[in-house]
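Coordinate analysis (summary)
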Amino acid sequence: MEKPENKLLMYKKQLIISLLSVLCMHTTVFSQIDKNKLVGYDYTHPKEYIIGGISSEGSQSYSTQILAHISGLLSVEKIKIPGDEMSKAVEKLWAQQIYSNVELQIRKVVADTIYLHILVQERPRLSKYSIRGLGKTETKNVRDEISLRKGQIITENLVEKTRSEVEKYFFDKGFYNAKIDISRIADTGSTNLQYLRIDIKKGRKVKVREVLFVGNDSVGAKKLKRVIKPKQTKGKINPFASSKLVKKDYNIEKKNIIDVYQSKGYRDAKLVKDSIYAVRPNKVNIKITVDEGKKYYFRNISWTGNTKYTTGRLDSILGIEKGEIFNQSKLETRLFMNPVGVDVSSKYMDDGYLFFNIVPVETRVENDSIDLEIRIYEGKQAVINEVRIIGNTKTSDFVIRRNLRTLPGAKFSRSDIQRSMRELANLPYFNQETLDVNPIPNPANGTVDLEYKVEERSSDQVEASGGFGGGFGIVGTIGLKLNNFSTRKMFKGQFDPIPTGDGQQLTLRAQANGLPFQSYNFSFTEPWFGGKKPNSLTLSAYYSRQTYQNNYLVKNDPSQQRLHTTGISVLYGKLLKWPDDFFTLSNSLNYQKYKLENWSNYGAAEIGFKNGISNSLSWNTILARNSSSDMFFPRSGSEFVLSVQATLPHTAINNLFGDDRDFSTLPFSERYKWIEYNKWKFNATWYLGTFSKFVLVPHFETGIIGIYNKKVGYSPFEQFKVGGSGFGNWTVYGTEIIPQKGYDNGRVSDPINGQDADPLYSKFSLELRYPAATSPAAMLLPYVYYEGGNTWNHVREYNPFNMYNAAGAGMRLFVGALGKMQVDYGYGFNTNRWQLNFSIGTWF
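Residues numbered from 1 in each chain as written. Predicted model: local features only at pLDDT ≥ 70, side-chain atom pairs only at ≥ 80, totals over all residues. Heavy atoms only, no water.

In spatial order, the strands read 14-16-15; together these 3 strands make up an open sheet with mixed pairing. What marks the edges here is a single partner per strand, and that holds for strand 14 (383-390) and strand 15 (436-442). Each neighbouring strand pair of the sheet contributes to a mean axis angle of 20°, computed without reference to strand direction. Examined bridge by bridge, strand 15 and strand 16 (residues 447-453) share 7 bridges and lie antiparallel to one another. (Pairing = 2+ DSSP bridges. Helix = DSSP H or I, 4+ residues; strand = E, 2+ residues; numbered from the N terminus. Axes fitted to C-alpha atoms, helices over the stretch in contact; angles between N-to-C directions.)

See below:
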């Protein structure tokens with residue numbers, strides 16, 4: 001295997017071929033002139049002739065007149081023979097680089113008149129080219145890299161240039177032994193046309209066997225190897241770490257070595273040289289020689305130009321003590337951009353000092369100590385003059401402006417800009433990857449204009465989805481979800497084709513599995529109810545009907561078993577300012593009615609009656625904090641939700657009004673006429689950015705239902721089941737299904753029949769996610785996971801170590817009009833089998 005450095009020979013080879021081509025051209029010119037020597041001419045005494053005419057032969061691209069013009073003979077009337085005019089004429093024709101042979105002949109001489117004949121042979125042109133030896137996708141990628149075009153003149157230089165382009169493509173990807181064979185084949189269907197057949201054997205990528213260091217006396221090789229890619233195969237622990245050598249990436253990564261040295265005080269450390277050499281086929285070693293230099297320490301640090309903050313305050317923000325090891329990275333982080341805390345620049349710029357500037361200067365370097373003077377130019381506090389929005393072709397300006405923390409007339413604040421960008425990223429209407437803000441300062445008057453750039457993305461969804469519903473197999477859904485609806489434009493008759501742009505959400509959805517199950521849902525949300533504050537109002541209503549019997553088509557059959565569920569809900573939410581403005585508080589009033597007709601299926605024995613009506617009137621309060629970076633693929637931040645849902649203590653109220661009945665002896669239809677319970681739920685999710693673009697996501701959640709009257713006991717309604725995708729919340733008497741991968745819907749609670757629900761559950765999960773695609777058209781997020789969950793009948797039975805565990809892999813997909821989709825394949829350790837779960841229209 002050749003050394004990667006020797007790839008330069010490829011380019012040298014191309015240069016030599018070009019030079020030889022020019023040399024051959026000139027040799028041919030002189031040889032053609034020599035052929036035209038005629039007997040009787042005295043070459044020591046040239047004679048001048050009048051050009052009587054010029055003819056040509058062999059040119060398919062140009063006429064005789066154009067050839068004569070190119071040669072320069074058309075512009076002269078007389079020519080000397082012998083002389084250099086004929087040589088120059090041939091050189092000019094050669095310079096067109098389209099001929100493989102050029103001759104200038106003397107056809108005849110009449111007295112003082114000479115007749116010339118131009119004889120050329122054109123090089124073949126390219127009719128097409130083919131690539132063999134690669135897959136469809138890689139073939140397309142190679143085509144994008146090479147510059148071949150139909151009709152080009154085929155020369156050796158063109159062939160070598162094409163070979164170089166293909167070799168460079170594979171070289172940049174780590175295939176250093178790629179073999180490219182280019183064949184010129186006559187096109188039998190056309191005259192003087194050829195096509196090129198490019199045969200490629202890319203071979204295997206070259207891997208790094210070992211990375212060796214020379215001169216690293218103070219820093220261990222293991223620590224240096226950790227900060228560069230690729231990772232050596234010798235002794236590699238992480239099987240997922242790449243050992244493939246891509247020179248371009250390696251050249252970037254090796255600079256991290258200097259960062260390691262500078263973080264340990266070696267300010268003058270440098271890479272002396274590095275070499276890559278083959279040790280076996282497709283394996284190389286990398287040898288890096290470093291010069292560590294001297295180790296330095298911070299000594300005296302002084303400040304100049306600071307009037308806003310005292311030197312002591314700036315010292316505390318900087319957080320560097322005299323005698324500390326000199327660390328350039330730490331110094332710059334504390335001065336300019338601290339990702340985990342306050343830095344000096346943010347302290348000033350969050351208080352309006354847009355024109356602030358800070359420069360650390362080494363005033364003295366003595367032995368191993370460095371004195372710093374940090375020079376500050378504070379400037380004036382800048383005021384926001386104008387806020388402009390660009391790119392919103394559908395969303396109304398006021399919808400965007402109400403989410404911004406930067407208002408005209410307010411002091412400039414970098415943290416307010418960052419928060420505004422986060423708020424825009426959490427709106428579903430825009431492409432998060434292209435969001436941008438451009439500050440336009442005006443130092444003359446101390447103002448700044450802010451220009452927010454957005455790119456609309458499709459947020460409305462026509463839902464045609466499906467999922468596994470407990471007991472009924474696949475349940476289909478048809479729905480319309482408008483995430484950017486506008487009732488204002490609707491009443492004004494502004495349809496294009498639907499009224500959009502005001503940020504309201506309208507959802508219409510129908511679910512069904514034929515006659516056994518049908519469900520209809522409606523909801524409408526105004527995120528800024530009243531228009532002045534981010535207080536949301538949501539109205540929702542739903543109805544579902546479950547039928548269990550084989551004679552579905554028989555109307556009014558008294559033996560049919562049906563369960564009707566009807567509900568309405570009104571929710572009001574608001575953004576809190578304390579403890580911080582990531583908190584939200586929402587309250588909702590909910591009413592559900594369960595109507596049973598001959599119901600004896602699925603836990604009817606636990607309900608205790610087949611016919612009757614149960615009612616639930618509850619109040620739900622939700623306290624949440626969400627600081628995640630965006631709504632589709634958070635890379636940082638966290639989410640916490642605490643909810644309390646409670647009904648009135650109906651039995652206690654009845655007792656106050658003289659109802660002294662023993663509820664434990666009442667018929668179940670009377671006991672559960674008004675359901676009473678209190679439900680407490682908590683969940684927490686963290687988003688932790690790790691190596692590369694991977695994000696680690698730990699999650700925990702739990703829930704418990706309390707009772708008011710032991711004689712009434714737990715309500716058969718509103719309890720928990722764990723397992724599956726969570727699709728199927730309609731399953732039997734308001735049961736709440738908690739998603740868990742690796743198991744069927746609800747099967748964790750009771751693996752045998754899957755129908756029992758419990759008043760206590762707990763679940764944890766750990767995911768490692770990667771953004772494979774984040775374009776506006778589609779987002780693809782593959783992940784691996786490990787999680788566990790279980791339910792218990794009583795708090796005394798609770799055991800957080802007794803979980804139904806599963807592990808596997810899956811992916812989440814978001815596609816504009818289709819919305820969210822998810823599929824995972826996991827192994828349930830308690831069932832000893834693999835389980836496929838999928839859902840379209842939701843993520844779990």
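What follows picks up the thread again.
All right, on to helix 2 (residues 64-71) then. Those residues of helix 2 that fall on the buried side of the exposure criterion are L67, A68, I70 and S71. Down the axis of helix 2, the smallest arc covering the buried residues is 160°, so these residues share one side. Seen from the buried face of helix 2, the exposed residues on the opposite side, beyond 90 degrees, are Q65 and H69. The inward-facing, buried residues of helix 2 contact strand 1 (47-57), helix 3 (85-94), strand 3 (99-110) and strand 4 (113-122). One or two steps after helix 2, the chain reaches G72, where phi turns positive at roughly 90°. (Buried < 20%, exposed > 50% of the residue type's maximum accessible area, 1.4 Å probe, protein only. Arc of directions from axis to C-beta. Contact = heavy atoms within 4.5 Å.)

As a further point, take helix 8 (residues 256-263). Turn by turn, an α-helix covers 3.6 residues, leaving residues three or four places apart pointing in a common direction. Within the span of helix 8, buried status applies to I257, I258, V260 and Y261. Looking straight down helix 8, one finds its buried side chains confined to an arc of 155°; they lie on one side. Among the structural elements, strand 8 (207-214), helix 6 (221-226), helix 7 (247-253), strand 9 (270-280) and strand 10 (283-291) are those in contact with the buried residues of helix 8. Of the residues trailing helix 8, G265 is marked for its positive phi of about 95°.

Let's shift gears to the confidence of the model for the chain. Averaged over every residue, the pLDDT of the chain is 84; the share at 70 or more is 87%. When the criterion is pLDDT under 50, residues 1-9 qualifies, and its contacts beyond four places in sequence or with other chains add up to 18 contacts. A low-confidence stretch, residues 17-40 stays under pLDDT 50, and its non-local contacts, those more than four residues away or across chains, total 27 contacts. (pLDDT = per-residue confidence, 0-100.)

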